[in-house]
Amino acid sequence: QWQLAESGGGLVKPGGSLRLSCAASGFTSDDYAIGWFRQAPGKEREGISCISSTKKMRTKYADSVQDRFIISRDSAKNTVYLELNNLRPDDTAVYRCAASPLLGPDPVGRWCETMYYTSWGQGTQVTVSS
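The following paragraphs examine the structure supplied in this document. Please read all numbers here as calculations on a predicted model, not as lab measurements.

### Regarding the packing of aromatic side chains
For the structure shown, the criterion picks out five aromatic pairs. Taken together, a centroid distance of 4.8 Å and an interplanar angle of 50° make the contact between phenylalanine 37 and tryptophan 120 tilted. Here tryptophan 120 lies in strand 10 (residues 119-120) and phenylalanine 37 lies in strand 4 (residues 33-39), a separation of 83 residues in the sequence. Of the residues examined, phenylalanine 37 reaches a relative accessible area of 1% and is grouped as buried. For tryptophan 120, a relative accessible area of 21% puts it in the partly exposed group. Three or more aromatic residues link up through ring pairs in this structure, and these residues are Trp2, Phe27 and Tyr32. Against the face of tryptophan 120 rests arginine 45, its NZ or CZ located 4.6 Å from the ring centre.

This is how it looks when you write it as structure tokens:
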């Protein structure tokens, strides 16, 4: 059974940083695309960063987080990280990671969208406030 567990959220001041972790179990996360998504109250869930399997290691970022967030893998820990830098109040949301058994090793187009991701973690809250 595929399972994902997020951690690392919390309260941070504007301009601060956090590192979120997505620990996988029941499967080898290196073999699949993993995405980070967030949902703020009253807003739709959005894909903010995704990484393809290690065969190609493609990455994709939403415009809103480009140059501020960094996605990475640690194969030994079967974990995907999302480093959040220069945080802003509008980054406040529940952040969830998800795995996709549907995407190939070299995805193209709009592959960081929820429709492709079928196994989800419970989420971790990130609050950016002074």
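Now that the structure is up, let's keep going.
### Quick notes on the pattern of salt bridges
All chains considered together, the criterion is met by seven salt bridges. Aspartate 30 is paired through a salt bridge with arginine 73; the nearest N and O atoms lie 3.8 Å apart. Within this pair, whereas aspartate 30 is found in the loop between strand 3 (18-25) and strand 4, its partner arginine 73 is found in strand 7 (residues 69-74), the two being separated by 43 residues in sequence. Residue classification places arginine 73 among the buried residues on the basis of a relative accessible area of 14%. Between glutamate 113 and arginine 110 there is a salt bridge, with the nearest N and O atoms lying 2.7 Å from each other. Judged by its relative accessible area of 22%, glutamate 113 falls in the partly exposed class. Connected via shared salt-bridge partners are Arg38, Glu46, Arg68 and Asp91.

Cut-offs used in this document
- Residues numbered from 1 in each chain as written.
- Predicted model: local features only at pLDDT ≥ 70, side-chain atom pairs only at ≥ 80, totals over all residues.
- Heavy atoms only, no water.
- Phe/Tyr/Trp six-rings, centres within 6.5 Å; stacked < 30°, edge-to-face > 60°.
- Helix = DSSP H or I, 4+ residues; strand = E, 2+ residues; numbered from the N terminus.
- Buried < 20%, exposed > 50% of the residue type's maximum accessible area, 1.4 Å probe, protein only.
- Lys NZ or Arg CZ within 6 Å of the ring centre and 35° of its normal.
- Salt bridge = Lys/Arg side-chain N within 4 Å of Asp/Glu carboxyl O.

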